[in-house]
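Each chain, written out:
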Protein chains: 2
Amino acid sequence: MRVLILGSGFAGLNAAKVFGGVKGLEVIIIDQKNYHLFQPLLYQVAAAALSPAEIAVPIRNIFSRHHNIKVFQGKVHTINADTKSVFTNVGEFKYNYLIVACGARHYYFGNEAWEENAPGLKTIEQAVEIRRRVLTAFENAETENDIDKQIKLLTFIIVGGGSTGVELAGALAELSRFTFAKDFRNIDTKRTRILLIEAGPRILPNFSEKLSLRANHHLEKLGVQVLTFKKVTKIDADGVNVGDERIEAATVLWAAGIKASGLNQQLRGELDSMGRIVVEPDLSLKHYPEIFVAGDQAHFSHQTGKPLHGIAPVALQQGRFIAKNILKELEGKPRETFHYIDKGQLATIGRNKAVLEIGRLKLGGFLAWMVWLFIHIYYLIGFKNKFVVLFQWASSYLTYQKGARLIVDHDWRFYEKR
Amino acid sequence: MRVLILGSGFAGLNAAKVFGGVKGLEVIIIDQKNYHLFQPLLYQVAAAALSPAEIAVPIRNIFSRHHNIKVFQGKVHTINADTKSVFTNVGEFKYNYLIVACGARHYYFGNEAWEENAPGLKTIEQAVEIRRRVLTAFENAETENDIDKQIKLLTFIIVGGGSTGVELAGALAELSRFTFAKDFRNIDTKRTRILLIEAGPRILPNFSEKLSLRANHHLEKLGVQVLTFKKVTKIDADGVNVGDERIEAATVLWAAGIKASGLNQQLRGELDSMGRIVVEPDLSLKHYPEIFVAGDQAHFSHQTGKPLHGIAPVALQQGRFIAKNILKELEGKPRETFHYIDKGQLATIGRNKAVLEIGRLKLGGFLAWMVWLFIHIYYLIGFKNKFVVLFQWASSYLTYQKGARLIVDHDWRFYEKR
């Protein structure tokens, strides 16, 4: 009996954990990366606060004790649901059950050429690229004598006012206002312009209006300009067009759209506008009960009529639920239907503010930030990471310094580039 | 009065520190990178033990309190010693005193095309590339069914038996024997073949013969095969030629040669075979007393008749000495001549062995390793780095785990590569 798990995000990882040590069950995890990434803190890598390794753990190391779990680094090419087979660059894998949990990627609504000038934030590589661009902009501003060019270098535009955009904007504001305050001689980093552009009526649309306003207030106190009802119509190497207005900026970051993994297009089923596949109440596919889809790839709206958000607690609960359901079925018991236990939503703004919403509880400010802090430490995998990240945060909180202000080049070669 | 410092390695950084807060003196540091790199621990980044940010500190942050010190990230194009001017990609800089300390790069003795298949270890980018190759080789071996290909994937060749080669070999052995022991299912990582190839009669030629033998013994106990008197004649994507013998290997690392920065060729003066410029007893240039050269770029043999080694304590003392001499001259006092105070040499082998040589004192094994450990922690810049690195080491020592087992891709783009 073999369960194949595609993807080791929160869904895949937590499914596999349930299977650990189950006799007679072979579990194979396939992921393009060799690590599980703690996505909620990825923006802190982009903002030079944390190192990649502090929020990423080798998948095979997590399961080193469970000999029934195998991990392969590979890329899935096709899924043949009729023959129950998955084809990858490292070979073909047959399965009895398949859990598809490859997450989502950033999406430009048809303007994919914008990527070069406005990287998204879904991978370690992208986070390091954003860090490189942000730090380089300040370095270049320091050596620039032309005032207009300096202003352009010190203008940062973040497109998209969801959690990622808000957290990035807050982190950049903190970087420019506090961390860099005494480090530059020719520029006043406190004059850095950070624009958060949102097409809709308000930032954090998934939160209540009250908290959305509160986040807005926190951001503006940090010096971030929040523009709502503004649609970006063009992005190039020198800035963005917002409606009729042109804003010159050396750094543009994309946090506006995501789309579920393209694998969904290979699975027979209805896709929503974000590319998520509509799943049954037990998270399986209508035509293939042995295939389950979880996390950002799944459109599950059986509970409230609206699809669940693409956040870590949803993916985590779904992964765990699917695995338990499979074990139940193997014991001859009937499957259950998925029910999400609302763990709330959180977004942090700068060094000590956050907004938090758990059911009817709505919280903002410092207290919400403390909750944010402990939840994120709690869910980080590995004692070492928990400890190092907590230390980095404490140290950053006390000294305003950031732990990873490194500009890393793309090319490692010395001789070829000459 | 302006002092221009090219490079912020141990020499440049420690020169600048002396100048910090000196009134009437403007100091400009130019470096291609935005950070000072603690080179002696770079091999630990390559071996997935430390994160880049743990051994690199932003230069401008080190000098944030000293307003007479400016830092520019830039690349030096030319030095015009006659007009006392340095041209860079971020403008021209005039100087009264110039300190040239750009270090050395790895060197292939005319076979620069070998770089693609045998990266050197002088930069963060190269360390991350080596880490990527090493970790990927194990991942690929796990998915490989052909035994010959598996053996090739699990063969690692390190060319060059100096400190870097020895430390890399020890770290890879530790990784394969201990860290990976329980993480793979299809391969036995303890069978990993690690070859250290040295053209000369023994490894660690800068150390005494006794310690060299001891290091050899430590390495062999860890499973490293040490080949001496063997000259690599060819490196390609599939392995190396050693004399008449062909060894297939997926991963080849280069630790055999270094060459001083090419800037030396722009300075009038005698160059030795490693591209180092022969300096006067006060580390200045014969024809330009206002130009000083320090660290790996300098050939200083006035003390013992033999040039000083390219190690951190030499660079550190030279940088400090030059700065003090300049200050003396500005006070109207005569210059002094440089005298190196021997701080000894150290190399570590695997998780708890090292060799150490300070003057007549020769030490090996665990005690030498303890000394190595504390010296490296002591000289690491920043309390945060000291603490995090010590924690990483303690944790790694107790659990055999490594802190940064991340395979990071070259490309951050999602859409362009499709």
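Residues numbered from 1 in each chain as written. Chains lettered and ligands numbered in written order. Predicted model: local features only at pLDDT ≥ 70, side-chain atom pairs only at ≥ 80, totals over all residues. Heavy atoms only, no water.

A. Looking closely at the pairing of strand E23 (residues 353–358) of chain B. Residue and element names in this part refer to chain B. Of the strand pairs in this sheet, strand E22 (residues 345–349) and E23 are connected by five bridges, and their pairing is antiparallel. Across the sheet, Ala347 pairs through a bridge with Val355, a residue of E23. Between E22 and E23, which follow one another and run antiparallel, lie three residues, and Gly350 among them has a positive phi close to 70 degrees. The pairing of E23 with strand E24 (residues 361–364) spans four bridges and is antiparallel. In the sheet register, Leu356 faces E24, and the bridge partner there is Leu363. (Pairing = 2+ DSSP bridges. Helix = DSSP H or I, 4+ residues; strand = E, 2+ residues; numbered from the N terminus.)

B. Local environment of the interface of chain B and chain A. Across the boundary between the two partners, chain B contributes 68 residues, which contact 68 residues of chain A. Buried surface at the junction of chain B and chain A, both sides included, amounts to about 6200 Å², of which 55% is carbon and sulfur. Joining chain B to chain A, the criterion identifies eight salt bridges. Note that B:Glu116 is salt-bridged to A:Arg413, the shortest N-O span being 2.7 Å. Linking chain B with chain A are 42 residue pairs in polar contact (both at pLDDT 80 or more), by the criterion used here. (Contact = heavy atoms within 4.5 Å. Buried area = accessible area lost by both parts, 1.4 Å probe. Salt bridge = Lys/Arg side-chain N within 4 Å of Asp/Glu carboxyl O. Polar contact = N/O pair within 3.5 Å; in protein donor to acceptor, adjacent residues only side chain to side chain.)

C. Structural context of the sheet that holds strand E20 (residues 291–293) of chain A. Residues and elements named next belong to chain A. Spatial ordering of the open sheet is given by E5-E2-E1-E9-E20, a layout of five strands whose pairing is parallel. The open sheet is flanked by strand E5 (69–73) and E20, the only strands paired with a single partner. Pairwise comparison of adjacent strand axes, ignoring direction, gives a mean angle of 15 degrees for this sheet. Here five bridges tie strand E1 (residues 2–6) to strand E2 (residues 26–31), and the two strands are oriented parallel to one another. Within E2, the residue paired with Ile5 across the bridge is Ile29. Packed on one face of the sheet, helix H8 (residues 312–330) meets E1, strand E9 (97–100) and E20 and runs near 170 degrees to E9. (Axes fitted to C-alpha atoms, helices over the stretch in contact; angles between N-to-C directions.)

D. Broad picture of the pattern of salt bridges. In the structure shown here, the tally under the stated rule is 44 salt bridges over all chains. Among the salt bridges present, the one from A:Glu139 reaches B:Arg60, with a minimum N-O distance of 2.7 Å. Here A:Glu139 is found in helix H4 (residues 124–143), whereas its partner B:Arg60 is found in helix H3 (residues 59–62) on a different chain. This pair shows no difference in class: A:Glu139 is buried, exactly as B:Arg60 is. A salt bridge links B:Arg413 to B:Asp411; the shortest N-O distance between them is 2.7 Å. Overall, B:Arg413 belongs to the buried group, its relative accessible area being 19%. (Buried < 20%, exposed > 50% of the residue type's maximum accessible area, 1.4 Å probe, protein only.)

E. Focus on the confidence of the model for chain A. Of all residues in chain A, 99% have pLDDT values of 70 or greater, and the mean over the chain is 94. Across the whole predicted complex the pTM is 0.95, and at the interface the ipTM reaches 0.94. (pLDDT = per-residue confidence, 0-100.)

F. Representation of the relation of the copies chain B and chain A in the model. Mapping chain B onto chain A leaves a residual RMSD of 0.0 Å; the transformation is a rotation of 180 degrees accompanied by 0.0 Å of translation along its axis. Each copy turns onto its partner about a two-fold axis. Counting the interface residues of chain B, we find that 100% of their copies in chain A are interface residues as well, pointing to one common contact surface. (Least-squares fit on C-alpha atoms with pLDDT ≥ 70 in both.)

G. Looking closely at the nonpolar core. With 126 residues, the main nonpolar core has A:Leu6, A:Phe19 and A:Ile79 as its most contacted residues. Those residues in contact with A:Phe19, other than ones at most four positions away along the chain, are A:Val3, A:Ile5, A:Leu25, A:Val27, A:Asn68, A:Ile99, A:Ala323, A:Ile326 and A:Leu327. Core analysis: the next-biggest nonpolar cluster, separate from the first, contains 125 residues, B:Val3, B:Ile124, B:Ile194 and B:Ala354 among them. (Core = buried A, V, L, I, M, F, W, Y, C linked by side-chain atoms within 4.5 Å.)

H. Local environment of the pairing of E1(A). Residues and elements named next belong to chain A. Counting buried positions along E1 yields four of five residues, so the element is predominantly enclosed. With four bridges connecting them, E1 and E9 associate as parallel partners. Opposite Val3, over in E9, you have Tyr97 as the bridge partner.

I. Expanded view of the environment of B:Tyr35. The residue B:Tyr35 is located in strand E3 (residues 35–37) in this model. Residue classification places B:Tyr35 among the buried residues on the basis of a relative accessible area of 3%. Between the alpha carbons of B:Tyr35 and B:Ile341 there is a distance of 27 Å; along the sequence they are 306 residues apart. Those residues within four positions of B:Tyr35 in sequence are excluded, and the remaining contacts are A:Leu406, A:Ile407, B:Ser8, B:Ala56, B:Val57, B:Pro58, B:Ile59, B:Ile124 and B:Glu125.

J. View of the packing of helix H1 (residues 10–19) of chain A against H8(A). All names here are of chain A. Where H1 meets H8, the axes come as close as 7 Å, and the angle between the chain directions of the two elements is 35 degrees. Here H1 runs over H8; the crossing is right-handed. Contact residues: H1 offers Phe10, Ala11, Asn14, Ala15, Val18 and Phe19, while H8 offers Ala312, Ala315, Leu316, Gly319, Arg320, Ala323, Lys324, Ile326 and Leu327. When its residues are assigned to classes, the contact of H1 with H8 shows 11 nonpolar, two polar and two charged. (Left-handed = near helix turned anticlockwise from the far one by under 90°. Nonpolar A, V, L, I, M, F, W, Y, C, P; charged D, E, K, R; others polar.)

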